[in-house]
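Each chain, written out:
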Amino acid sequence: MTTAIESSGLGRRYGRKWALRDCTLRIPAGHVVGLVGPNGAGKTTMLQLAVGLAAPTTGEVRVLDGLLPGSPAALDAVAFVAQDAALYRTLSVADMLRVGRALNRRWSAERAQLRLLDLGISLRSRVGELSGGQRAQVALTLALAKSPQLLILDEPLAALDPLARHDFLAALMAAVAEDGVSVVFSSHVVAELERVCDYMVVIHSGRVQLAGEVDELTAGHRMLTGPADQAAAVAGAFPVVRSSRAAAHAHLLVRTGDPGAAPPGWQSAPVPLEELVLAYMREPTASALPGPAPVRIGGTA
């Protein structure tokens, strides 16, 4: 199976602070991947390393089956849209397309123009006169015009209103369907990622906590609910991601793929993706990746 991004022991330090540390990850190609984490988790650093805008302090990262980020081959095959898209506000949209043509060895001006025409964006308009949603569409058009194999987007929805976010994601999925491009994009809007992503990576405090296909991740976790005075014993039988207790009942989010794993007197329920992702974002010691035995969370024993 081909890979979109693969890293081993990847780390990046700025002064004494690690922005990303000991990141070993393999993201297969052919997916729409959501990279999720709280602010300062290391998402932007990971993406910058993957496109060659920063160099690793430790470890290594490769894209598209072994290409070195920033190499000529990778530059041809990978497109990147930063959160603050590099658009010149004083230029016209047509001039921005000419800039894109000058900066890329592979480029389809016809495709870019047709896409903007379909979106109702005039080539004569100045970039600074466009709405936030239209500027995001211009940035996406510039990325798609090079026909990339891998499209990397850093917080593309952050500055958009709900309607513009909806339109952007619809355009993105249309491009995926048309070209089969692999997509990795970071966001903190988990509910919107759930609509489009089939693969998820959760990062917290510079480390990867969770990674895998969405269906497999949700199938591999259950919410167990039962008597609070039995919570410690039940937690001893399962890797616990997060727990909460009321006066009479305890709720344990555990790693198990067995729907019938609940002990007598306990109920087992599936875990929605948003709840699962938020649990790993809240608990930096929780991890579903291979490694040491999990740490018990929330006071369970």
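Scroll up to find the structure this text is about.
Description of the structure in this document. Just so it is clear, the structure is predicted and the values come from calculations on it, not from any experiment.

1. Things to note about the overall build of the protein
Point 1. Tallying secondary structure elements over the protein gives 10 helices and 13 strands in all.
Point 2. Taken over C-alpha atoms, the radius of gyration comes to 22 Å for the protein, in line with the 19 Å a tight globule of 301 residues would show.
Point 3. For the protein, the spread of C-alpha atoms along the three principal axes comes to 70 × 40 × 35 Å.
Point 4. In the protein, buried positions account for 48% of the 301 residues.
Point 5. If you sum the accessible surface of the protein, you get close to 14100 Å²; carbon and sulfur atoms cover 52% of it.
Point 6. Looking at the protein, you have 28 positive and 27 negative side-chain charges, and the mean spots of the two groups are 8 Å apart.

2. Points about helix H1 (residues 43-51)
Point 1. By the criterion of burial, H1 is predominantly enclosed, with 7 of the 9 residues buried.
Point 2. Three or more residues of H1 are buried, namely Lys 43, Thr 45, Met 46, Leu 47, Leu 49, Ala 50 and Val 51.
Point 3. Trailing H1 by a residue or two, Gly 52 shows a phi angle of about 85°, which is positive.

3. Observations concerning the side chain of Ser 7
Point 1. Tracing the backbone shows Ser 7 in strand S1 (residues 3-14).
Point 2. Residue classification places Ser 7 among the buried residues on the basis of a relative accessible area of 7%.
Point 3. One polar contact links the side chain of Ser 7 to the main-chain carbonyl oxygen of Cys 23, over a distance of 2.9 Å.
Point 4. With residues near it in sequence (within four places) discarded, Ser 7 still touches Cys 23, Thr 24, Leu 25, Glu 60 and Val 61.

4. Considering the sheet that holds S1
Point 1. What the 3 strands build is an open sheet, ordered S2-S1-S4; its pairing is antiparallel. Across the chains shown, the open sheet's two edge strands, defined by having one partner strand only, are strand S2 (17-28) and strand S4 (58-63). Shown here is a sheet whose adjacent strand axes are inclined to one another by a mean of 20°, direction ignored.
Point 2. Pairing of S1 with S4 involves 5 bridges; the strand directions are antiparallel. Following the sheet pairing, Ser 7 is matched in S4 by Val 61.

5. Some details on the pattern of salt bridges
Point 1. Taken as a whole and judged by the stated rule, the model has 4 salt bridges.
Point 2. Asp 76 is paired through a salt bridge with Arg 105; the nearest N and O atoms lie 2.5 Å apart. Separated by 29 residues along the polypeptide, Asp 76 in helix H2 (residues 72-77) and Arg 105 in the loop between helix H3 (93-103) and helix H4 (109-118) bring together distant segments of the chain.
Point 3. Measuring nitrogen to oxygen at the nearest pair gives 2.2 Å for the salt bridge that ties Asp 179 to Arg 111.

6. Notes on the packing of H4 against helix H5 (residues 132-144)
Point 1. Where H4 contacts H5, the axes come no closer than 9 Å and their chain directions differ by 155°. Between H4 and H5, the crossing angle belongs to the class labelled roughly antiparallel. Considering only the axes of H4 and H5, their crossing is right-handed. For the pair H4 and H5, contact is made by Arg 111, Ala 112, Arg 115 and Leu 116 and by Gln 137, Val 138, Leu 140, Thr 141 and Leu 144, respectively.
Point 2. Partitioned by chemical class, the residues of the contact of H4 with H5 number 5 nonpolar, 2 polar and 2 charged.

7. Brief notes about the nonpolar core
Point 1. Ranked by internal contacts, the top residues of the largest apolar core, which has 55 residues, are Leu 151, Val 183, Phe 185 and Met 200.
Point 2. With 29 residues, the next largest nonpolar core counts Leu 35, Ile 152, Val 201 and Ile 203 among its residues.

8. Looking at the sheet that holds strand S12 (residues 249-255)
Point 1. The strand order across the open sheet built from 4 strands is S11-S12-S10-S13, with neighbouring strands paired in antiparallel fashion. Looking along the sheet, the strands with just one partner apiece sit at the ends: strand S11 (240-245) and strand S13 (267-270). With direction set aside, neighbouring strand axes in the sheet form an average angle of 20°.
Point 2. As paired elements, strand S10 (residues 221-227) and S12 share 7 bridges and run antiparallel to each other. Across the sheet, the residue bridging to Met 223 is Leu 253, located in S12.

Rules used in this analysis
- Residues numbered from 1 in each chain as written.
- Predicted model: local features only at pLDDT ≥ 70, side-chain atom pairs only at ≥ 80, totals over all residues.
- Heavy atoms only, no water.
- Helix = DSSP H or I, 4+ residues; strand = E, 2+ residues; numbered from the N terminus.
- Rg over C-alpha atoms; globule rule 2.2 N^0.38 Å.
- Buried < 20%, exposed > 50% of the residue type's maximum accessible area, 1.4 Å probe, protein only.
- Areas by Shrake-Rupley, 256 points an atom, 1.4 Å probe, with all protein chains shown as cover.
- Lys, Arg positive; Asp, Glu negative; His and termini not counted.
- Charge placed at Lys NZ, Arg CZ, Asp CG, Glu CD.
- Polar contact = N/O pair within 3.5 Å; in protein donor to acceptor, adjacent residues only side chain to side chain.
- Contact = heavy atoms within 4.5 Å.
- Pairing = 2+ DSSP bridges.
- Axes fitted to C-alpha atoms, helices over the stretch in contact; angles between N-to-C directions.
- Salt bridge = Lys/Arg side-chain N within 4 Å of Asp/Glu carboxyl O.
- Parallel < 35°, antiparallel > 145°, perpendicular 65-115°, else oblique.
- Left-handed = near helix turned anticlockwise from the far one by under 90°.
- Nonpolar A, V, L, I, M, F, W, Y, C, P; charged D, E, K, R; others polar.
- Core = buried A, V, L, I, M, F, W, Y, C linked by side-chain atoms within 4.5 Å.

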